[in-house]
There are 2 protein chains.
Amino acid sequence: MFRFQIVVALLLVQGSGRLTNGLQFNVTDNQGQGFLVSLGKLQLFRHTFSSPILFVGTGLTSFSEDSGNFFIEDYISSRLPLSNYSIDCGQTSCTIRLSRGDTFVALRLQSEQSQPLVIDFEDQSSDFDRIWLRLKAEDGEEIYGGGEQFSYFNLRHRDQGRENVFPVWVREQGVGRNKSTQVTFAADVQSRAGGDYHTTYFPQPTFVSSRRYFLHHDGPNYAVLDFRSPEFHEIFVLGLPGKFFINSGDTLLGVVTAMTSFFGRMPALPDWIISGAILGLQGGTQTMLARYKYAKDNQIPVAALWIQDWSGKVEMPFGKRVNWDWTWDPAWYPGLDSAIQNLTREGVRVLAYINPYLRQNGHLFTEAATKGYLVKNETGGVYLQRSVTLVFASVDLTNPDAFKWYKNVIRTNMIDLGLGGWMADFGEYLPVDAKLYDGRSGLQAHNEWPVLWAKLNREVVEDAGRLGDIVFFMRAGYSGSISNYTTLMWNGDQDVDFSLADGVRSTIYGSLSMGMSGVGLTHFDIGGYTTFALLGLVRTKELFLRSAEMAVFTSVFRTHEGNQPEANVQWYSNDTAPSFARLAKQFALLKDYRKFVVNQVAGEGIPAIRPMKLIYEDDDAPYSQYLFGPDLLVAPVFTEMINEWPVVLPGGSDAYNWIHLWSGTAYRGGQTVTVAAPLGQPPVFYRSDSTYKQDFERLKNESKMADPIIG
Amino acid sequence: MFRFQIVVALLLVQGSGRLTNGLQFNVTDNQGQGFLVSLGKLQLFRHTFSSPILFVGTGLTSFSEDSGNFFIEDYISSRLPLSNYSIDCGQTSCTIRLSRGDTFVALRLQSEQSQPLVIDFEDQSSDFDRIWLRLKAEDGEEIYGGGEQFSYFNLRHRDQGRENVFPVWVREQGVGRNKSTQVTFAADVQSRAGGDYHTTYFPQPTFVSSRRYFLHHDGPNYAVLDFRSPEFHEIFVLGLPGKFFINSGDTLLGVVTAMTSFFGRMPALPDWIISGAILGLQGGTQTMLARYKYAKDNQIPVAALWIQDWSGKVEMPFGKRVNWDWTWDPAWYPGLDSAIQNLTREGVRVLAYINPYLRQNGHLFTEAATKGYLVKNETGGVYLQRSVTLVFASVDLTNPDAFKWYKNVIRTNMIDLGLGGWMADFGEYLPVDAKLYDGRSGLQAHNEWPVLWAKLNREVVEDAGRLGDIVFFMRAGYSGSISNYTTLMWNGDQDVDFSLADGVRSTIYGSLSMGMSGVGLTHFDIGGYTTFALLGLVRTKELFLRSAEMAVFTSVFRTHEGNQPEANVQWYSNDTAPSFARLAKQFALLKDYRKFVVNQVAGEGIPAIRPMKLIYEDDDAPYSQYLFGPDLLVAPVFTEMINEWPVVLPGGSDAYNWIHLWSGTAYRGGQTVTVAAPLGQPPVFYRSDSTYKQDFERLKNESKMADPIIG
C-alpha cells in the first residue's frame, strides 16, 4: 500500500476556535483499487472504480427568465465516470489524473501555509462541458451555508429528495417559495414569480459540514450542490470549474473563522446604525418630516430616515413605482437638500435607494445609451429588460468607463446630496444571452453581477473616505461580494406573514445560513415586504411587532412600509407607535453589547446571528433558535396567538446559567424550558457570566411591559 | 463505402392504406465514421462518434406513491455514449456492436416476412442498468400516440421543453392535470393528486411519426419518451429493454393498420351497446327502476342501466364509497336478480362494477388472504394499499390459482347474476416494492398489471361463451391489454369542466392518441366525473349537454353521475331529460353507420375516432377536430357560451363535398367555415358520397332542434 503525506504548516486563526496544527492532506493509494484523500483525520474523497470522485459530461442547459425569476432545465447527454487514476506527488502537491478512455482530468491538490487545500483542474481533455465532483458523506452529517438559504438551515435534511438539491444561481427569491401555498401558486400563475425552496438572491457555492470542514468553489459558473445521497455530496459545475478550497478545523467555530479569514471579513458597522431605528418612509419631504416628528413625539430613538422614493415616482400600469433614474426629484422631495442638513445636524441620517438599472428613456438611461454604457443584446442594441411592467437596461459593470461613470452618479447625486447610506438593491437580472463589454456572455457573468455591483458601491464609499460611516445594504450576493465589498446585507422581500419559507420567520434561516457562508452582518425589513391584499396577505400588528421584537436582537433595526403600504400595519398606524417605541428603545439599550458583537464579525469573522450548532455542537436545539453574539440566546416566536414558547437551553457548561431576560429566572443548561412569550417579550436568555449583564437587566427593568396578543 | 441491404418481403395489409412493397432495411457504414439504418427511404438511426444512437448508464430511480399517484425521481449516475461500433450482417439480420471501453451492447436488427423490423439487445456488458436509444428526428416532424395522452395530441409540440417528455408509467391520471389551475393546485395540496400533462392510466411505449412509421418498445419496464430535441427522439428504458419494433408505410393509415395487425385488434362491439344509452345510476333497486321509468317516459332509448354500487356501499371518513367486496348486496339492491331478468327481457342490460382490489376485512379479502392470493409486502404479509381513506389489497394476478379464483368470483357473482357487462376499473396501483407470486417485484410488473387485469376479464367472458355480447370497459391500459384483451376503453375520470387538460374536452386527445396507439374503441363518462363542489367545480347543464352531443358521434353513449352526484346536473335533473333524450335518439339513429365504423376497428384496425391527420395528412386541421368513421367530421364545442364555431374542412378531393349535418349546406374542402353551433347541434359534416347519407339526414330532420345556450 502506497502512502503519501504532505505536511501543511500551522493554520493561523485570528479569532476564537481551534484549528488542527500541522494539518496534513494525505493521498492514500489502495494498490490500484482506489484512493483516499484526507485532511488530518478527515476523509474527504474516496475513489473506487465503481464509485469515482469525478464525472464529466456534455449536455444542454437552458435558462429562461421572467422579471428576475429564472427557470433552468438541464439535459444530460453524457456523464462519464472517470474511474481510472494515477497519482503523482511532489514536494507540496499531488496530481491525480482521472480518466476513462481518451477523456481525462488532471487534478492538482496543493496546500500552502495558512491556506486551505486547493484542488485545481490543471489539465483536461476538451470533450466535456460540465463536471460533477463527489465528496464522501457520512450518516448523520449535516450541511450548512450555501449562501442565503431561507427554507432549510441544514441543507442535507434527507426529507423529500429533491429539496436536498440547491442550484447556485443568483435570482429573485420568489414570492411564497413553497409550491403548496396559495400565495406561491397565485404568484406562479400570475407571473411565474412563486419561487421555490432553493430560490435566493444570494446563493454561494460554499458549505460547512458538521464533520468540521468547509468547501468553497471559486468561480461564477452555474453550479448545483446536491446533498441527496447517503454516501456522497455532489457538486455540479456547468463549464470548467474554478478552484475548490477545503479546510477543516477542530470545531465548527474554528472552521467558520478560518473561512472568513480566507474570504475576507466585513467592516464593522458604524455606531449610528446600531444605536437606533431606521424608519422606512415614502411620500415626499413633508410626509417624511411629519413622520419623523411623530416618531420623536413617541420617543422612538431614530438613527435614520430611509426614503426609497427620493428619485421620484412614475406611473405604471400596476401602480406607482420608484423612478429608476437616480437623481433627487425636487418636485417629489422639495427642499430635501436642506432637510438632510438639518436632520444630520440632529444626528439623524437620511438614507436613499439605488440599483444597477436605469429606466428606459430616463435621463441617465439616455446618457448611458449614448455613451455605450448599457449591457447589449445579441444584435448589439441596448438589452431592454423588464421588472413586471417597468422596462430598463443594466449598466455594463464590466466596462471600466461605465463603472466609473456610475460611481460618479452615486458620488455626485447621493453622497454630495448628504445621504448617509442607501439600499443598493437588485443585481440578479443579468440575462444569459447578454453581450458584455469584457467579451463575456451574460451566462458567464450572471452570478458575478452582485459582486461587481457591491464593488462599485464600496469603491464610491472608500473613494469618499467614508467607509465606517456610510452604510449601503444589499440583498443580492455571491462569493466575494459580501466579504470583500458589501457593508451590510438585508434578507430581501419577505411576505407579510408567518410562513417558514418566505414569511418574516424565513429571515432566521436566511441569516443563519449567511453566517455559515462567511457573512456575519445582515438585517431585514421589520414586518416583511411583499403584500398581496387581494389574497388577504396583509401585515397585521402582531406580525409587525413579532418581527420588530426579533430585530431588537440583531444588528440593525429598520422598518419598511412594504409594497402596498396602505394595506399594512405600520409603526405609525393607530396605536402601534408606543409598542414599537418600546422595542426601538430596547434596541438602543443593547448598543454597547451590539458594538462588541459586530466588532467580533469584523475582527474574528464570527457572525452576529449565530447558529446554535456553531457554538454548541453537541446540543440538538431547534435551528430556529439562535445566539446573538456570545451571550444572548434568542428563540423568536413566529406563530400566531402564542403566549408561551419552548426553548432548548444548551448544556454541557458548569460555568454559567441561562437567565431568562424578562423574568430574571436562572436555568441550568441541558434542558428544555417553556417560558412566557407575550408580544414584546420574545424568549431571550443571557449567560449569567456575561459582562453585559447590566445592560440586559436594564432591558428588563425599563421596557418589559408586554402588549396583549392581537387576534 | 460499405453498403448492406436485406430485402424484406411484402408487408401484408388487411385494411386500407398502402405500405411499401418489398420494404428493405439498410445499414450503411460510412467508412468507420458512422452508420445509417434506414427502412425503405426512411432514415431511422444515424450514428456518429459524437452523436451515437445508444447511451447506457447507471443511476437511481425512486418511486413514491399516494393513492395511485406516483412520483418518480431519476438520478443519473453515469451515462456513456456507446460511440464505437462494428457491423456484422448475415442473410436476414445485422448485428451492430456498440461500445465504449469495456461497456458494450450488441444490437441485432432483423426482419421477417410481414413483420416489422425488430431490434433486439442480443448481448451486452453487465455494467449498466438503463439505456437511452436515439432515433433521427426531422424539422416539422410530429409524434402521435404514446397510449392515452390527454393534454397533447402531437407529443412533439416543441413548446415548453419539459412538456415534450412523456414518462411511461401506469397511474391515476390526476385531478386537473395542469399545474396552473386552481383545481390541480387544490388536489395537489390536499392529497398530491393533481396530476400533470403526462399523467395517464394508459401510457404505452408506442408512437407514430408523421414521417410515416411506428415504433413500439415491447416490455413492461419504466420508460420515458423524450421528444424535446430538434435532432432526435430519445427512448429511455430503466433496466434492460425488450425488443423494439419499427415499421413504416406509404401513408399514416397504412402505418396504423400495420400496427394494429401486429398488435392484434379489438373485437367488434355488440349491437346492443351501439344502439342506445347506458344510464349510470346508483342508490338501490327502487331508485334504479324509478330512473329507468323516467327515462322511458322521456323516450330515451336505453341500452343498459349501469350500477356501480351493486355490491353495496360502506361509510368512509369522506363519504360513502362502493363496497370493494364483489358480491351482490341484497340489502342495498333488494330483488336485483329478478329485476335484471325483467329488464333483460325488455332488451335492457344491467351492468355493474369491479376492480382488482379487495376491501380490507371484506369477505373476499378474508378468503383471499387465507388462501395466500393477495399481493405481499417485503416482509411477506398482505400488502395493504390505500385509495384515499379506503384500505385494500390487490389480488396477485401472477398467481395462477388466485387468477382462477378471481375469474370464478366474476363468473359466479356477476355473470351468473345476469349482468350484461361491467366497468373493470383500476389496475394502476401496484406498489413498486410489492413481492409477487411469480418472483417479480412490483417495479417489474407495475405496467403489466392492467394487461393481466384485462386478460382475466377477457377469459371470464370467453369461458362463458359471451364474447361479442358481454362488454367490460377499462381505463387502465398498457401494451397488449387493449389490443389483445379489453373489449372497450373509457377515458377515466374527467373533471366536470371545459378544461383542456382534464375536463370533458380532454376526452378528444385521449381518444385520438389511443387511436394512434392501436386502440380504436373508447368512450367517456358523459359530463365528466370529478366534482369538487367546495371549489365550485360542479357539472352545469351546458357542460353535460355539450359532452353528450359529442358522445352521439362516438362508439358508446354512457352517463355517469360523478363522484358528487347531488352537486351535478344529471340527465334526470329538472328539465334536462328532453334535451338528453333527443341526443340519445340521435345516437340510436346512427346505429347502422356506427356498426360499420366499429367493424372497421375490429376488421381493419382503423380507430373509430380518427385524427384528421390520419386520413388527411396534408391538411392542417386543429387536432381537436376528428373523424368518426370514414364519413363524419366532428368539431366538438368545448367552450362555454358559444353559438358558432370555425371548422377546417380538409381539401384535396374533388370526389365529394362536406355537408353540414344540421343545415344541409354543402361546402367544398380546403377551406375554413364558421357554422352555427348552438347546444345540441355541434359542428358535424358528412361526406356527400357517404352511403349513410340518409341516416345523417334523418338526424337532421328528426332531432335538429337546438337548446338555447345556458349561462
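Residues numbered from 1 in each chain as written. Chains lettered and ligands numbered in written order. Predicted model: local features only at pLDDT ≥ 70, side-chain atom pairs only at ≥ 80, totals over all residues. Heavy atoms only, no water.

Take the pairing of strand 17 (residues 232-238) of chain B next. Residues and elements named next belong to chain B. The buried count for strand 17 comes to seven of seven residues, which makes it a mostly enclosed element. Burial along strand 17 is two-sided: Phe232, Glu234, Phe236 and Leu238 facing one way and His233, Ile235 and Val237 facing the other are all buried. Pairing of strand 16 (residues 223-226) with strand 17 involves four bridges; the strand directions are antiparallel. Bridge pairing in strand 17 links Ala223 to Val237. The hairpin turn running from strand 16 into strand 17, its antiparallel successor, is five residues long. (Buried < 20%, exposed > 50% of the residue type's maximum accessible area, 1.4 Å probe, protein only. Helix = DSSP H or I, 4+ residues; strand = E, 2+ residues; numbered from the N terminus. Pairing = 2+ DSSP bridges.)

Attention now goes to the UniProt feature "domain: Glycosyl hydrolase family 31 C-terminal" (unreviewed entry) in chain A. Annotation from UniProt places "domain: Glycosyl hydrolase family 31 C-terminal" (unreviewed entry) at residues 605-690 of chain A. For residues 605-690 of chain A, the end-to-end C-alpha separation is 20 Å, with 5% helix and 35% strand making up the annotated structure. (UniProt positions renumbered as here; feature names shortened; annotations may be inferred.)

Between chain A and chain B, the superposition needs a rotation of 180° and an axial shift of 0.1 Å, giving an RMSD of 0.0 Å. Given the turn and translation reported, the copies of this chain are related as if by a two-fold rotation axis. Looking at the rotation axis and the C-alpha trace of chain A, the residue lying nearest is Arg79 of chain A, at 2.3 Å. The share of interface residues of chain A whose copies in chain B are also at the interface is 100%, consistent with both copies meeting through the same surface. (Least-squares fit on C-alpha atoms with pLDDT ≥ 70 in both. Contact = heavy atoms within 4.5 Å.)

Once that is clear, we can look at the side chain of Ser441 of chain A. With respect to the helices and strands, the residue Ser441 of chain A is situated in the loop between strand 27 (421-424) and helix 7 (442-445). For Ser441 of chain A, the residues in contact, after removing those within four places along its chain, are Val432, Ala434 and Leu436 of chain A.

This brings us to the packing of aromatic side chains. To describe a pair of aromatic rings, one takes the distance between the centres and the angle between the planes. All names here are of chain A. Going through the model one piece at a time under the given rule, you end up with 99 aromatic pairs over all chains. Consider the rings of Tyr222 and Phe236, whose centres lie 6.0 Å apart with planes at 70°: the pair is edge-to-face. With a gap of 14 residues between them, Tyr222 in the loop between strand 15 (213-218) and strand 16 (223-226) and Phe236 in strand 17 (residues 232-238) connect regions that are remote in the sequence. Judged by relative accessible area, which is 6%, Tyr222 ranks as buried. What makes Phe236 buried here is its relative accessible area of 5%. Taken together, the ring pairs connect Tyr294, Phe544, Phe557, Trp571, Tyr572, Phe580 and Phe587 into an aromatic cluster. Above the ring of Phe232, the side-chain terminus of Arg134 is found at 3.6 Å from the ring centroid. (Phe/Tyr/Trp six-rings, centres within 6.5 Å; stacked < 30°, edge-to-face > 60°. Lys NZ or Arg CZ within 6 Å of the ring centre and 35° of its normal.)

On to the confidence of the model for chain A, then. As a note on interpretation, predicted positions should not be read in detail where pLDDT is low. Residues and elements named next belong to chain A. Across chain A, the average pLDDT comes to 93, with 95% of residues at or above 70. The model gives residues 1-22 a pLDDT under 50, and that stretch makes 68 contacts with residues more than four places away or in other chains. Among the prediction metrics, the complex's ipTM stands at 0.91, with pTM recorded as 0.93. (pLDDT = per-residue confidence, 0-100.)

Residues and elements named next belong to chain B. Leu364, Phe365 and Ala368 are the residues of helix 5 (residues 363-371) that are buried. The arc enclosing the buried residues of helix 5, seen along the axis, measures out at 100°, which places them on a common side. Those residues of helix 5 that are exposed and aimed more than 90 degrees away from the buried face are His363 and Thr370. Check the buried side of helix 5 and you find it contacts strand 24 (357-359), strand 26 (390-394) and helix 6 (400-415). Once helix 5 ends, the next one or two residues include Gly372, with phi positive near 75°. (Arc of directions from axis to C-beta.)

Turning next to the side chain of Arg594 of chain B. Residues and elements named next belong to chain B. Within the fold, Arg594 resides in helix 13 (residues 591-604). Although Arg594 is buried, it forms no salt bridge, and the closest oppositely charged side chain is Asp592 at an N-O distance of 8.8 Å. Among the polar contacts made by the side chain of Arg594, one reaches the main-chain carbonyl oxygen of Ile274 at a distance of 2.8 Å. Once residues lying within four places of it in the same chain are set aside, the contact partners of Arg594 are Ile274, Val552, Thr554, Ser555, Phe587 and Phe628. (Lys, Arg positive; Asp, Glu negative; His and termini not counted. Salt bridge = Lys/Arg side-chain N within 4 Å of Asp/Glu carboxyl O. Polar contact = N/O pair within 3.5 Å; in protein donor to acceptor, adjacent residues only side chain to side chain.)

Turning our eyes to something else, we now look at the packing of helix 6 of chain B against helix 8 (residues 449-463) of chain B. Relative placement of two packed helices is described by the angle separating their axes and the distance separating the axes. All names here are of chain B. Two elements in contact, helix 6 and helix 8, have axes whose closest approach is 10 Å; the angle formed by their N-to-C orientations is 55°. Relative to helix 8, the element helix 6 is oriented oblique. As for the relative orientation of helix 6 and helix 8, their crossing is right-handed in sense. In this structure, helix 6 contributes Phe403, Tyr406, Lys407, Ile410, Arg411 and Ile415 to the contact, and helix 8 contributes Leu452, Trp453, Lys455, Leu456, Asn457, Glu459, Val460 and Asp463. (Axes fitted to C-alpha atoms, helices over the stretch in contact; angles between N-to-C directions. Parallel < 35°, antiparallel > 145°, perpendicular 65-115°, else oblique. Left-handed = near helix turned anticlockwise from the far one by under 90°.)

Through backbone hydrogen bonds, the strands of a sheet pair up, either in parallel or in antiparallel fashion. Residues and elements named next belong to chain A. The strand order across the open sheet formed by six strands is 33-34-35-40-37-38, and the pairing between neighbours is antiparallel. Both edges of this open sheet fall to strand 33 (609-611) and strand 38 (666-667), since each of them pairs with a single strand only. Here three bridges tie strand 37 (residues 658-660) to strand 40 (residues 684-687), and the two strands are oriented antiparallel to one another. Pairing of Trp658 across the sheet is with Arg687, part of strand 40. Contacting strand 33 and strand 34 (626-628), helix 10 (residues 506-515) runs over the sheet at an angle of about 85° to strand 33.

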